[in-house]
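# Overview (structure and organization)
So the chains spell out like this:
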Amino acid sequence: MEIRFPDGRRRRVPAGIEAGEALADGAAKDGVPPLAALVDGVAVDLASPIGHDVALAPLTFEDRAGRDILQHSAAHLVAKGLVETVPEALPTHGPPTEEGFYYDFDVRPLLPADLDGVRAVMQRSIEAREPFVRKQLSRSDAERLFAANPHKLRYLADVGPNEPVTVYTTGSFVDLCRGPHVPDTHWLEGIHLLGFSAVEDSVSGRPLQRIRGVAFPTRAELESYLKLRTEAAARDHRVIGSKQELFMFVDEAPGFPFWLPKGMILVRELEKYVAEHLRASGYAEVRTPLLFAQSVYETSGHWEHYRENMFLTVDGNRTFGWKPMNCPGSMLIFRSRPRSYRELPLRLAEFAPLHRLEASGTLHGLTRVRELVQDDAHLFVAPDQVEGEVRKLLDWIQEAFTTFRLGWSYELSTRPASFLGEAGVWDTAEATLEKILRESGVKYRVSPGEGGFYAPKIDIHIRDSLGRPWQTGTIQLDYQLPARFRLEYQGADGQLHTPVVIHRTILGSWERFLGVFIEHCAGRFPPWLAPVQVRVLPIADRHAAAAQGLADSLAAEGVRVEVAAPEESIAKRVRTAEVDRIPYVVVLGDQEAAEGGLAVRTRGSKESLHQSPAEFTAHVLDRIRRREYDP
RNA sequence: GCCGCCAUAGCUCAGUCGGUAGAGCGGCUGAUUUGUAAUCAGCAGGUCGGGAGUUCGAUCCUCUCUGGCGGCUCCA
């Protein structure tokens, strides 16, 4: 019998050899022990026997498939732990995730002490190196084995008629599972429980308890993961926001951010950045009411689809809703007089506060709030203008996110279960968006059923410091609202036509964008955004006048500059400036006075640079004007 | 909204086995006038998140409300 290795070598082995042995005997590569094997591209246990000629490759933790196998094995270990701690717990399923794994149980609400019990059982198992043993059962034996667990019986019923029914045993714990698994529980010594929470069973709707965790093949790898997590927590935008006095919240206005003076500078700079682009791209800015009567939302469909998330206010016998998005206002502007095809594309931008009654449990710093301002615009276009406009938007997204050095990903979201209009129109709109994405050569993911109730969309996602994805920009191709608002324009053919509306934001909202960006830059803002761009430190009182003079001349150029008087040691003031993440720190003392120069310390560098005031000013202004990322 | 956890000075936290509280940083005042990540000293600052209950007595125990955190759900 012959096996082939990935490097092209071939080897004769006795029939029935275990995959692990076959790998150990000659295919070992760079010393990383495999945790499973790929046989003809299919992941199997190392203990799996090989019966005929195959292509054989090792799977390690470095491989995505190998990582998933380890996480899934860790989930089994958690199930073993909980079943031994809380015997009435019914395991349901325990898949690997992006971060690690979870296992859902049908059980009474868990307590922190339950997790301690789970940890203890897991530790004993890891020390005992309990093997994961695969066994094939008849369907009826399996039904008997899992008779007490309706969830497992349900999964059992899902096993295909030609598929073997297999279980994996770990010590005394048996779980219905296709596998494969790591050889034994010692592989899971780097297991870590992240917590537990209530989830809803997608099939039965019953409340389940989910235990989440992450696992590594060694304790050392777990340690470095935990260290990374600690570092990520330090760049949490909620922490930085309060340290740098950017924004705050009060109990009396949950989810409603206060922008403090320094944070407001960030908002205004973003606005300026976006506004410059809008001017250059043929947009007009408008401002429409914050409240509309119920009838407007009935027209838009929000009353039916979104009412429970809207703030309402009553005036006499009329109910008004605080607008959760800007579309109605723009629609009403378009409809306010007859429109010609010559006006299209009509691009109306609006940066107005929006109010959304988000459920209390979903609020999260700046990234999930109840009042927000989007860099919003509505493009009223003729059908044949859709592609060109969407392509321009993709270009702008690229430019904008590159400026912020943010990685982003696209997601195409299609028709949801509850939608307005006709399926055929949706199909066309979805096909158009997908075609543009495909032709742009960008990577994207498709999320079926995740579109808005009125339009399919391309969403832009960026990640926070803990890797949680957040939606920022969105491009929605809407054929519904224009019809519902009875929008029309007169075409070149003299006939009346309904425009298509592209709803789009690029950065999303200032709130969410800044929340994520603060974590991305860890509070070290690019000079153009930094609330304080330059801080001048006179060594002694006799240098104060020169320091103020420099500050005044920088301020006259529009630079945000402040002077830190010599009430504290120069070392202390340098430290404070560093802690405050000031991009440029200028020290002025006898030496500088004599030379007519400046000692410039650029954020992140311990070295001082000697520059003339003119050189320094030109440098700072240039970095700011070009919106360079680094000082 | 659901499950669990948390709430003590502006911030980060300690503490009281039930007898109303401390530190560091920050703030203020004074001294120091400093050469690139913390000069020294003094002072001020808290009805221990709100309400109710148990108790001779509650910051501590119980209930409840509010807010926050981690998940879930949701996200026009």
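Above this text is the structure in question.
Report on the accompanying structure. A quick note: this is a predicted structure, and the numbers were derived from the prediction, not measured.

## Some details on the packing of helix 2 (residues 64-85) against helix 3 (residues 112-128)
Where helix 2 meets helix 3, the closest approach of the two axes is 8 Å, and the angle between their N-to-C directions is 120°. As the angle between them shows, helix 2 and helix 3 are arranged oblique. Every pair of crossing elements has a handedness; the one defined by helix 2 and helix 3 is right-handed. Facing Leu-77, Val-78, Lys-80, Gly-81, Leu-82, Glu-84 and Thr-85 of helix 2, the residues of helix 3 in contact are Asp-114, Gly-117, Val-118, Val-121, Met-122, Ser-125 and Ile-126. Of the residues belonging to the contact of helix 2 with helix 3, the class tally is seven nonpolar, four polar and three charged.

## Considerations on the packing of aromatic side chains
The tally for this structure, following the rule as stated, stands at 24 aromatic pairs. With 6.3 Å between their ring centres and 75° between their planes, Phe-401 and Phe-513 make a pair best called edge-to-face. Taken together, the positions of Phe-401 in helix 12 (residues 386-403) and Phe-513 in helix 15 (residues 510-521) put the pair 112 residues apart, joining distant regions of the chain. Across the pair, exposure class does not vary: Phe-401 and Phe-513 are buried alike. A network of ring pairs unites the aromatic residues Tyr-273, Trp-396, Phe-401, Phe-404, Trp-408, Tyr-410, Phe-513, Phe-517, Phe-525, Trp-528 and Tyr-629 as a single cluster. The ring of Tyr-102 carries Arg-210 above its face, with NZ or CZ at 3.6 Å from the centroid. Across the ring face of Phe-419, the terminal group of Arg-415 is positioned such that the distance to the ring centre comes to 5.3 Å.

## Some thoughts on helix 5 (residues 150-158)
Burial in helix 5 covers these residues: His-151, Lys-152 and Leu-156. Along the long axis of helix 5, the arc covered by the buried residues comes to 140°, so they all point the same way. What points out from helix 5, more than 90 degrees from its buried face, is the exposed set Ala-157 and Asp-158.

## Quick word on helix 12
Over its 18 residues, helix 12 extends 26 Å from the first C-alpha to the last, a length consistent with the 26 Å expected when each residue adds 1.5 Å. Within helix 12, the full set of buried residues consists of Val-386, Glu-389, Val-390, Leu-393, Leu-394, Trp-396, Ile-397, Ala-400, Phe-401 and Thr-403. Residue Arg-405 follows helix 12 closely and has a positive phi angle near 50°.

## A look at the protein's contact with RNA strand B
Looking at RNA strand B, there are 55 residues lining it, with Tyr-306, Ser-360, Pro-566, Arg-575 and Glu-592 nearest. Here a sugar or linking oxygen of RNA strand B sits 2.7 Å away from a polar atom, N or O, in the side chain of Tyr-454. Contact between RNA strand B and Arg-575: a base nitrogen at 2.5 Å from a side-chain N or O atom of the residue.

What counts as what
For every chain, the first residue of the written sequence is number 1, and numbering continues from 1 onward in sequence order. Written order decides the labels, with chains lettered from A and ligands numbered from 1. Given that this is a predicted model, residues contribute local features only at a pLDDT of at least 70 and side-chain atom pairs are listed and counted only at 80 or more, while totals for whole chains, interfaces and linings are drawn from all residues. To get the side-chain values, all heavy atoms of the structure are used, and hydrogens and water are removed first. Axes here refer to lines fitted to C-alpha atoms; in helices the fit is confined to the stretch in contact. Angles between the N-to-C directions go from 0 to 180 degrees. Strands here are runs of E lasting at least two residues and helices are runs of H or I lasting at least four, both read from the DSSP assignment and numbered beginning at the N terminus. In this scheme, roughly parallel covers angles under 35 degrees and roughly antiparallel covers those over 145, while 65 to 115 is roughly perpendicular and the rest are oblique. Crossing chirality is assigned from the near helix's rotation relative to the far helix, an anticlockwise turn below a right angle marking it left-handed and a clockwise turn marking it right-handed. By the convention used here, residues are in contact when the closest approach between their heavy atoms is within 4.5 Å. Residues are grouped as follows: Ala, Val, Leu, Ile, Met, Phe, Trp, Tyr, Cys and Pro are nonpolar; Asp, Glu, Lys and Arg are charged; all remaining types, including Gly, are polar. Working definition: rings of Phe, Tyr and Trp (its six-membered ring) pair if their centres are within 6.5 Å, and the pair is stacked with planes under 30 degrees apart, edge-to-face with planes over 60 apart, and tilted otherwise. Here's how the labels work: a residue is buried when its accessible area is under 20% of the maximum for its type, exposed when over 50%, partly exposed in between, all with a 1.4 Å probe on protein chains only. Here, a charge over a ring is recorded when the distance from Lys NZ or Arg CZ to the ring centre is within 6 Å and its angle to the ring normal is within 35 degrees. Picture the helix axis, draw a direction to every C-beta atom, and the arc is the one those directions span. One fewer than the residue count of a helix, multiplied by 1.5 Å, yields its expected span. Near is defined per residue: the residue qualifies when any heavy atom it owns lies within 4 Å of the molecule or strand. Contacts described as polar in this section are N or O atom pairs within 3.5 Å, which, within protein, must combine one atom able to donate a hydrogen with one able to accept it, while residues neighboring in sequence count only if both atoms come from side chains.

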